[in-house]
Amino acid sequence: MKSARHPRHVTNKWKKNAALMQSSELRAYLPETRRFSKEQLLNMLMKHKMVYVKPVNGTWGKGVMRVDFKPNQRQGAYQFQIEKTVRSFGSIDELYTSIRKHKLRGKYLIQQGIDLLRYDQRRFDLRVMVQRTPQKVWKTTGIIGRLGHPKKIVTNYHSDGKLVAAEKLLSPYLKGPRLKSYMNMLQNFGEDIANHLKVSFPGLREIGVDVALDQKLRPWILEVNTSPDPYIFRRLKDKSIFRTIMKYARAYGKYK
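Procedures and definitions
Numbering of residues starts from 1 in every chain and runs along the sequence as written. Whole-chain, interface and lining totals are the exception, using all residues; otherwise, since this is a predicted model, local features are given only for residues with pLDDT of at least 70 and side-chain atom pairs are given and counted only at 80 or more. In computing side-chain values, all of the structure's heavy atoms are included and hydrogens and water are not. Helix and strand assignments come from DSSP, with helices taken as H or I runs of at least 4 residues and strands as E runs of at least 2, each series counted from the N terminus. Buried, partly exposed and exposed residues are distinguished by accessible area as a fraction of the type maximum, computed with a 1.4 Å probe on protein chains only: under 20%, between the cut-offs, and over 50%, respectively. Two strands qualify as a pair provided DSSP detects at least 2 bridges between them. Salt bridges are identified by distance alone: a Lys or Arg side-chain nitrogen within 4 Å of an Asp or Glu carboxyl oxygen.

Thoughts on unusual backbone geometry
Backbone geometry at Lys 49 places phi at a positive 70°, although glycine is not the residue there. One can find Lys 49 in the loop between α3 (38–48) and β2 (50–55). Despite not being glycine, Gln 121 has its phi angle at roughly 65°, a positive value.

Right, here's the structure in full:
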């Protein structure tokens, strides 16, 4: 029986971010995140030039906007994109008013934008699946790449992203033993995140960490999903990965 006090699923991005911020090791890999307001939007844009505005309780990339500050643009220094539509504005007031009009209901946050690595001119990030084994140990069971649609800002499969083996997406940047040791680092990274989050959220049994890689191959924790879709791993050539994920998921009662 799972206790109501210890939920298995935590939707609030702000709470998960706050829990991760308590770790001095993991804090360095978290993009700066603020509550959504006009003042914070301006501050974050001046500092980072590109940010993401996201629903605090959203899933599948719905309602996510990318906001850029481009001081040399003729049509307006401020612009934001949602889905495939880009809008430009001459002032922060106009930008803020339009974002408010297009956002979903509920609270939003602003997250420092990461200049993602690309494959075939398309941005990509990685999903790292970490599960609690029957021995109550956290283990990374799968890593998969999510290649974004060329005209969209999110990489999610549900937003026309493409699922690709992480090794393939990383192959232009890393080869042989360096690629292998990088994949090992990502596995450990996922397990460190799970082991830290279990302190704040003891009910967790699985997490899917969305990891962005910047131009220097530094990993950033974009988001932690506490009810990740295991079926995306069916797309991998190595079918044993999906079988293992499902075996653990059944063991902790996600599927009968």
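Focus: the pairing of strand β4 (residues 78–82)
In terms of residue burial, β4 counts as a mostly covered element, since five of its five residues are buried. Here strand β3 (residues 65–69) runs beside β4; their pairing, made up of four bridges, is antiparallel. Bridged to Phe 69 within β4 is Tyr 78. Here β4 pairs with strand β5 (residues 85–89) via five bridges, running antiparallel. Bridge pairing links Phe 80 to Arg 87 in β5. In sequence, β4 turns back onto β5 through a hairpin of two residues, with Glu 83 there showing a positive phi of about 55°.

Examining the pattern of salt bridges
Counted according to the given criterion, the structure contains nine salt bridges. Between Asp 93 and Lys 38 there is a salt bridge, with its nearest N and O atoms 2.8 Å apart. Placement of Asp 93 in helix α4 (residues 92–102) and of Lys 38 in helix α3 is noted, with a sequence separation of 55 residues between them. You can call Asp 93 partly exposed: its relative accessible area is 40%. With a shortest N-O distance of 3.0 Å, Asp 68 and Arg 66 are connected by a salt bridge. Overlapping salt bridges, with partners in common, bring together Asp 125, Arg 127, Arg 146 and Asp 210 in one network.

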